[in-house]
Amino acid sequence: MPTELEDIVEHMRRFAWPDYLVFVSMLLLCILIGVYFGFVQRKPNTEAEYLMGGRTMLVFPIALSLIASFISGITLLGLPTEVYSFGIQYVYVALGVTLMGFVMGFIYLPVFHKLNITSTYEYLETRFDRRLRMFGSIMFTIMNIGYLPIVIYVPALAFNQVTGVNIHVITPIVCIVCVFYTCVGGLKAVVWTDVVQTFSMFGALVLVAIKGTIDLGGSDIVFRRAWDTGRLELPNFDINPTTRHTFWSQLIGGFVYWLQTNAVSQNMIQRYLSLPSVAAGRRALWIFVFGVCLLMSLCSYCGLLIYATYQNCDPLTTKLARAKDQLLPLFVMDILRDLPGLSGLFVAGVFSAALSSLSTCLNSMSAVILEDFVKPFVHKPLSQRTINWIMRSVVVGVGSLCAALVFVVEKMGTVLQLTMSLEAITNGPLLGTFTIGILIPWVESRSALTGGIFGVIFMSWLSLKAQYWVATGTIVFPHKPMSVDGCTYDFDRSSINATSTSVYTTDDIFPLFRVSYMWYTFLGAAVTILVSLLCSVLIFGRNDPKTVSPDLMAGFVRRYIHGPDVTLNERGASNACGKNGKTLHESAL
């Protein structure tokens with residue numbers, strides 16, 4: 001058995017031809033699905049068919065697509081490391097996910113579904129004005145362009161760990177495959193590849209969990225070692241918002257974060273709107289909630305399993321795993337290296353998560369660019385040929401940009417943290433703006449826009465400043481106990497007791513910068529709503545709620561404003577009307 005660190009890595013790295021065969025087969029299957037829906041299945045080549053699947057999609061594949069779209073390679077690789085390092089406190093976010101299911105199913109989803117829209121941000125123009133629509137679309141675009149390169153880069157690191165193949169060889173190949181089937185097959189190809197990729201993700205995690213547990217001697221050893229080191233623990237009911245994970249941050253902060261991601265983001269809403277009814281959307285929503293909770297549980301168990309295996313020789317301390325996101329791939333190499341094809345199945349599962357997130361965002365970007373950045377600014381209707389050209393050009397252009405930005409992600413060490421901060425900057429204000437529209441009809445467009453802009457500025461200041469203190473080592477999150485006493489190989493021990501060189505301490509930092517990241521979306525939404533309400537009272541005046549169409553409000557707000565007997569579309573056309581009486585499609589022209 002090798003004793004040097006590099007020798008250990010090379011000894012584990014056995015990605016044989018059966019592994020490559022499994023991985024390539026997954027990519028080929030995605031291509032074939034795109035070919036089927038793009039060339040074999042004869043459907044009208046229309047905008048509605050390409051972006052919304054003709055609004056006749058089935059519940060179960062849409063639900064699996066939602067799971068695959070939300071669970072990226074970052075989650076598959078990051079959550080086991082989170083549990084390994086900090087314990088299972090994060091997993092209590094499942095309570096927030098469940099609460100989100102109730103709120104979204106009865107408040108947000110019915111409003112969007114009955115409007116018959118393509119882009120979520122069409123709602124903002126109808127409820128407020130075009131400025132709010134552009135605000136939402138720009139925030140969505142910025143967030144996706146910053147996020148997508150990481151979606152590809154992180155699983156490429158895993159591929160590099162198990163094969164040694166340079167990340168700039170594999171990322172263009174994967175991007176080309178994803179762009180191809182998204183471009184030619186539209187939403188249906190995206191959804192059905194997501195179905196395959198969801199089974200691949202679950203299969204990879206179950207495989208790793210079963211093989212690792214057998215090797216260790218049973219799940220009782222896993223849980224006992226986790227309990228002894230505090231990784232398996234009851235919820236922390238501390239009310240201090242600066243504590244990284246508490247019951248309250250996971251329930252309330254997690255609920256708000258998942259509400260934004262699932263209830264108002266174009267990436268997710270576009271799938272719900274492809275279903276034929278609200279009832280079908282609710283069924284897909286609850287399958288999504290159950291599936292995500294199950295997948296998070298599997299990832300968390302793998303994190304506990306990794307700790308139980310490396311209890312006496314932490315690979316993060318020894319640098320056997322060069323980056324935190326390479327911890328799970330390292331474990332896979334260790335336990336599956338002598339079983340041809342199974343390492344390939346795991347890598348296929350990780351890349352499946354990446355492909356599903358990338359294809360979802362590409363398809364959603366084509367919808368947003370077409371509906372929000374092109375159609376509102378042309379003076380005559382676009383031909384179907386022009387629409388098809390625009391939609392597919394967006395997919396190719398954004399996909400190529402993401403592949404190029406992987407070089408930036410690789411060179412800039414803090415870009416991962418900065419991009420996560422960027423997500424927090426946009427998520428909270430967007431949720432706040434949509435919530436104002438659906439629940440607070442007394443707020444008019446100028447107040448809502450002011451609140452949204454102020455929310456973005458506030459969250460930029462808060463999250464970027466907080467990430468600066470984290471990057472300098474001033475804000476440090478203590479890990480659960482780790483040990484290297486049982487290591488059987490040589491490694492550099494000089495960094496074990498290294499401390500931060502910052503002249504500041506955590507107590508010197510302004511408390512707001514020490515607030516847990518789980519509260520960021522909540523803070524962004526709260527600031528946006530509060531500033532909008534203050535502007536309505538002090539500056540721009542209150543809006544007459546009776547001028548807002550019932551279709552644009554949540555059911556209980558609609559009944560309060562217009563009375564219990566009002567029905568949807570009673571005060572307007574079949575598409576919701578704004579104060580000027582125009583339909584959604586008319587207001588977009």
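Residues numbered from 1 in each chain as written. Predicted model: local features only at pLDDT ≥ 70, side-chain atom pairs only at ≥ 80, totals over all residues. Heavy atoms only, no water.

The name an unreviewed UniProt entry assigns to the chain is Sodium-coupled monocarboxylate transporter 1, from the organism Anopheles minimus. Per UniProt, the chain carries the Subcellular location (unreviewed entry) text "Cell membrane". The UniProt entry for the chain carries this comment under Sequence similarities (unreviewed entry): "Belongs to the sodium:solute symporter (SSF) (TC 2.A.21) family." (UniProt positions renumbered as here; feature names shortened; annotations may be inferred.)

Draft legend 1. Looking closely at the overall build of the chain. Within the chain, the regular secondary structure consists of 22 helices and zero strands. Within the chain, counting contacts between residues at least 6 apart in sequence, those at least 24 apart form 86% of the total. When the accessible surface of the chain is split by element, carbon and sulfur atoms take 65% of a total near 23,200 Å². (Helix = DSSP H or I, 4+ residues; strand = E, 2+ residues; numbered from the N terminus. Contact = heavy atoms within 4.5 Å. Areas by Shrake-Rupley, 256 points an atom, 1.4 Å probe, with all protein chains shown as cover.)

Draft legend 2. Quick peek at the packing of aromatic side chains. This structure, assessed with the given rule, holds 20 aromatic pairs. Arranged with centres 5.8 Å apart and planes meeting at 70°, the rings of Phe-510 and Phe-513 form a pair that is edge-to-face. The partly exposed category is assigned to Phe-510, whose relative accessible area is 47%. Overall, the relative accessible area of 8% leaves Phe-513 in the buried class. The structure contains a cluster of three or more aromatic residues connected by ring pairs, namely Phe-112, Tyr-121, Tyr-123, Phe-140 and Phe-434. Against the face of Phe-377 rests Arg-130, its NZ or CZ located 5.6 Å from the ring centre. (Phe/Tyr/Trp six-rings, centres within 6.5 Å; stacked < 30°, edge-to-face > 60°. Buried < 20%, exposed > 50% of the residue type's maximum accessible area, 1.4 Å probe, protein only. Lys NZ or Arg CZ within 6 Å of the ring centre and 35° of its normal.)

Draft legend 3. Seen up close, the confidence of the model for the chain. When the pLDDT values of the chain are averaged, the result is 83; 88% of them are 70 or greater. No element of the chain has a lower mean pLDDT than helix H22 (residues 584-587), at 40, and none a higher one than helix H20 (residues 520-538), at 95. When the criterion is pLDDT under 50, residues 413-417 qualifies, and its contacts beyond four places in sequence or with other chains add up to eight contacts. Contacts from residues 568-589, a stretch scored under 50 in pLDDT, to residues over four places away or in other chains number 53 contacts. (pLDDT = per-residue confidence, 0-100.)

Draft legend 4. A look at helix H13 (residues 278-309). If you check H13, its first and last C-alpha atoms are 46 Å apart, about what 32 residues at 1.5 Å a residue would give, namely 46 Å. Of all 32 residues in H13, 23 are buried; the element is thus mostly enclosed. (Expected span 1.5 Å × (residues − 1).)

Draft legend 5. Up close: a nonpolar patch on the surface. Side chains of Phe-237, Ile-239, Trp-248, Ile-252 and Phe-522 sit close together on the surface and give an oily, nonpolar patch of about 490 Å² of accessible area. Here Ile-252 lies in helix H11 (residues 247-264). By relative accessible area, which is 32% here, Ile-252 ends up partly exposed. (Patch = residues over 30% accessible without salt bridge, like charges linked within 9 Å, V, L, I, M, F, W, Y side chains within 5 Å. Salt bridge = Lys/Arg side-chain N within 4 Å of Asp/Glu carboxyl O.)

Draft legend 6. Here's a closer look at the nonpolar core. Of all hydrophobic cores here, the largest spans 188 residues; its most connected members are Met-100, Met-104, Tyr-108, Phe-112, Tyr-123, Tyr-272 and Phe-288. A per-element tally of this core places helix H9 (residues 167-216) first, with 19 residues. Setting aside residues no more than four positions away along its own chain, Met-100 makes contact with Gly-105, Phe-255, Trp-258, Leu-259, Asn-262, Leu-285, Phe-288 and Val-289. (Core = buried A, V, L, I, M, F, W, Y, C linked by side-chain atoms within 4.5 Å.)

Draft legend 7. Quick peek at the state of the cysteines. Scanning the entire structure with this criterion turns up one disulfide. Each disulfide pairs two cysteine sulfurs, and for Cys-313 the partner residue is Cys-487, the sulfurs being separated by 1.9 Å. Across the S-S bond of Cys-313 and Cys-487 the torsion is about 105°, and the bridge reads as right-handed. Taken together, the residues span a long stretch of sequence, with Cys-313 in the loop between H13 and helix H14 (315-318) and Cys-487 in the loop between helix H19 (445-471) and H20 at a distance of 174 residues. No disulfide involves Cys-175; its sulfur sits 6.7 Å from that of Cys-402, the nearest cysteine. (Disulfide = S-S within 2.5 Å.)

Draft legend 8. Examining the pattern of salt bridges more closely. Using the criterion set out here, one finds nine salt bridges in the structure. In this structure, the salt-bridge partner of Asp-129 is Arg-131, at a minimum N-O distance of 2.8 Å. Residue Asp-129 is classed as buried on the basis of its relative accessible area, which comes to 17%. One salt bridge connects Lys-375 with Glu-371, and the closest N-O pair in it is separated by 3.2 Å. For Lys-375, a relative accessible area of 22% translates into the label partly exposed.

Draft legend 9. Here's a closer look at helix H15 (residues 327-336). With nine of its 10 residues buried, H15 lies for the most part within the structure. When H15 is considered as a whole, its buried residues turn out to be Leu-327, Leu-328, Pro-329, Leu-330, Phe-331, Val-332, Met-333, Ile-335 and Leu-336.

Draft legend 10. Looking closely at unusual backbone geometry. One non-glycine residue, Asn-116, adopts positive backbone phi at about 60°. Among the residues examined, Asn-116 registers a relative accessible area of 37% and is labelled partly exposed. Here the phi dihedral of Lys-319 falls at roughly 70°; this positive angle occurs in a residue that is not glycine. Among the structural elements, Lys-319 can be located in the loop between H14 and H15.

Draft legend 11. Structural view of the environment of Gln-41. With respect to the helices, strands and loops of the structure, Gln-41 is situated in the loop between helix H2 (17-40) and helix H3 (47-52). Measuring from C-alpha to C-alpha, the distance between Gln-41 and Gly-185 comes to 9.6 Å, with 144 residues separating the pair along the chain. Setting aside chain neighbours within four positions, we find Gln-41 in contact with Tyr-36 and Lys-188.

Draft legend 12. Focus on the packing of helix H8 (residues 130-163) against helix H16 (residues 342-374). Two elements in contact, H8 and H16, have axes whose closest approach is 10 Å; the angle formed by their N-to-C orientations is 160°. Classified by the angle between their axes, H8 and H16 sit roughly antiparallel to one another. At the point where H8 passes H16, the crossing takes the left-handed sense. For the contact of H8 with H16, the class distribution of residues is 20 nonpolar, five polar and three charged. (Axes fitted to C-alpha atoms, helices over the stretch in contact; angles between N-to-C directions. Parallel < 35°, antiparallel > 145°, perpendicular 65-115°, else oblique. Left-handed = near helix turned anticlockwise from the far one by under 90°. Nonpolar A, V, L, I, M, F, W, Y, C, P; charged D, E, K, R; others polar.)

Draft legend 13. Inspection of the environment of Phe-513 at higher detail. Take Phe-513: it is sitting in the loop between H19 and H20. In the structure, Phe-513 is positioned 49 residues away from Leu-464 in sequence and 9.2 Å away in space, judged by C-alpha atoms.

Draft legend 14. Structural detail: the side chain of Gln-270. Of note, Gln-270 is situated in helix H12 (residues 266-272). Within the structure, the side chain of Gln-270 is placed 2.8 Å from the side chain of Asn-363, a separation counted as a polar contact. Within polar-contact distance, the side chain of Gln-270 engages the side chain of Ser-364 at 3.3 Å. In contact with Gln-270, other than residues within four places in its own chain, are Leu-51, Met-52, Asn-363, Ser-364 and Ala-367. (Polar contact = N/O pair within 3.5 Å; in protein donor to acceptor, adjacent residues only side chain to side chain.)

Draft legend 15. Quick peek at the environment of Ile-369. Assignment of secondary structure puts Ile-369 in helix H16. Between the alpha carbons of Ile-369 and Val-394 there is a distance of 7.5 Å; along the sequence they are 25 residues apart. Sequence-distant contacts of Ile-369, defined by excluding residues within four places in its chain, comprise Val-374 and Val-394.

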